[in-house]
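Tertiary structure, described
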Amino acid sequence: MTENPGYLKNLKKESVVQSVINCLTDAMRNKELKPGDRIPPEPNLAASMGVARSSVREAIKILTYLGVLESKRSEGTFVCDGFKESMIDPMIYGIILNQDSFENLMELREMTETGIMRLAILKYDEDGGRELEKLLGQMRVVMDSGEDMVDRFFQVDNEFHDMISRMGKNPLADKISRVVRTLTCAMRYETVSTMINGGRSEELIEAHSKLYETLKSRDLNNLQGVVRDSYFGEALQGREEME
């Protein structure tokens, strides 16, 4: 008879599926299960934990959906060896369903983007700087074209901020930044539309130029103010008053 790993303890009857999830994730936090490890087969887990096999199967299904575990046909189920995009999906859904206020999202956006800017300044590299400069040029081309400006500018705007996020060279921070940008997509699009249709296109480009110059000069002074100035408070306020 093989000895069970320490994390396979008999479970009490709260929410059985949640208990199995907690047991497995605790083992991962404690390094009893490491990235790339194969977890025991469902019958072994069920017997060791004193639960039905169906509860183990459901727990594994949930952890697989969350990107914590991955199943390989004919090989078994393994602890994922990296951060998966699917891990952030439940967070996005939770915030959307909770209908967080405009003010809360703006605070989250400012906090995140200020932190991302700080990382990008501390880890600034010339390749990233040249890419940002190229994107600024594309913004100017969009504005000068006079065609489909809102959608095209918004696309370049996203590429610009994604580049800043990548320049921080922190995959976790980059993922969180993408979540926040997804959550604030509608308000950011509305701001771009309001600014362009209101004849204030030049201000949009100047705001992005200021972000670029702040990064290039590696200036950490008044970083929060520089980020906040790029939001065009009056345009956002107008949107909020219409809701």
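Our subject in this report is the structure included herewith. This one's a predicted model, so the numbers in the text were calculated from it and none came from an experiment. (Residues numbered from 1 in each chain as written. Predicted model: local features only at pLDDT ≥ 70, side-chain atom pairs only at ≥ 80, totals over all residues. Heavy atoms only, no water.)

Some thoughts on the overall build of the protein
Note the cut-off: Here a strand is any run of E in DSSP of at least two residues, a helix any run of H or I of at least four, and the numbering for each starts at the N terminus. Buried means the residue's accessible area, taken with a 1.4 Å probe over protein chains only, is under 20% of the maximum for its type, while exposed means over 50%, and partly exposed covers the values in between. Whether two residues are in contact is decided by their heavy atoms, any of which lying within 4.5 Å being enough. Note that accessible areas follow from Shrake-Rupley with a 1.4 Å probe, and for residues the cover is restricted to the protein chains shown.
In terms of regular secondary structure, the protein is built from twelve helices and two strands. Each helix and strand of the protein, placed in order from N terminus to C terminus, yields the pattern α-α-α-β-β-α-α-α-α-α-α-α-α-α. Relative to its 243 residues, the protein shows a buried fraction of 42%. Long-range pairs, those at least 24 residues apart, make up 71% of the contacts in the protein between residues at least 6 apart in sequence. Element-wise, carbon and sulfur atoms account for 51% of the exposed surface of the protein, whose accessible area totals about 13600 Å².

Looking at the side chain of Thr 77
Looking at the secondary structure, you find Thr 77 in strand S2 (residues 76-79). On the basis of relative accessible area, Thr 77 is assigned to the buried category, the value being 14%. Setting aside residues up to four positions removed in sequence, Thr 77 forms contacts with Asp 37, Arg 38, Ile 39, Ile 60, Leu 69, Glu 70 and Ser 71.

Considerations on the packing of helix H5 (residues 102-122) against helix H10 (residues 201-216)
Under the convention used in this document: Fitted lines through C-alpha atoms give the axes, limited to the stretch in contact for helices. The angle between two N-to-C directions lies from 0 to 180 degrees. For classification, angles of less than 35 degrees are called roughly parallel, those exceeding 145 degrees roughly antiparallel, those between 65 and 115 degrees roughly perpendicular, and all remaining angles oblique. Gly is put with the polar residues, along with every residue not named as nonpolar or charged; the nonpolar set is Ala, Val, Leu, Ile, Met, Phe, Trp, Tyr, Cys and Pro, and the charged set is Asp, Glu, Lys and Arg.
Running from N to C, H5 and H10 cross one another at 45°; their axes reach a closest spacing of 8 Å. By the angle between their directions, the pair H5 and H10 is classed as oblique. Across from Met 117, Ala 120 and Ile 121 in H5, the residues of H10 making contact are Leu 211, Thr 214 and Leu 215. In the contact of H5 with H10, the residues fall into five nonpolar, one polar and no charged.

So, the nonpolar core
In plain terms, the rule: Take the buried Ala, Val, Leu, Ile, Met, Phe, Trp, Tyr and Cys residues and link them wherever side-chain atoms come within 4.5 Å; each set so joined is a nonpolar core.
Counting 40 residues, the largest nonpolar core has Leu 132, Phe 153, Phe 160, Ile 164, Leu 204 and Leu 215 as the members making the most contacts within it. It is helix H7 (residues 149-167) that contributes the most residues to this core, eight residues altogether. In contact with Leu 215, other than residues within four places in its own chain, are Met 117, Ala 120, Ile 121, Tyr 124, Leu 132 and Ile 164.

What about empty space enclosed by the protein?
Cut-off, in case you're wondering: The definitions used throughout rest on a 1 Å grid laid over the protein atoms alone, on which a cavity is an enclosed set of points accommodating a 1.4 Å probe that cannot get out and a pocket is an open set flanked by protein within 12 Å on both sides along at least five of seven lines; lining residues are those having an atom within 4 Å of a point. Grid points are joined across faces, edges and corners, and a volume is the space filled by probe spheres set on the points.
Here the structure, examined in full by the defined rule, presents two cavities of 30 Å³ or more. Quantified by volume, the largest cavity comes out at close to 150 Å³. Looking at the largest cavity, it is lined by 13 residues, and the ones nearest its centre are Arg 109, Asp 157, Val 192, His 208 and Ser 230. Residues of the lining of the largest cavity, tallied by class, amount to five nonpolar, four polar and four charged. Considering only enclosed or pocket space, the second largest cavity measures out at about 100 Å³ in volume. Lining the second largest cavity, in full, are Glu 113, Ile 116, Met 117, His 161, Ile 164, Ser 165, Ser 177, Arg 181, Leu 211, Val 227 and Ser 230. By residue class, the composition of the lining of the second largest cavity is five nonpolar, four polar and two charged.

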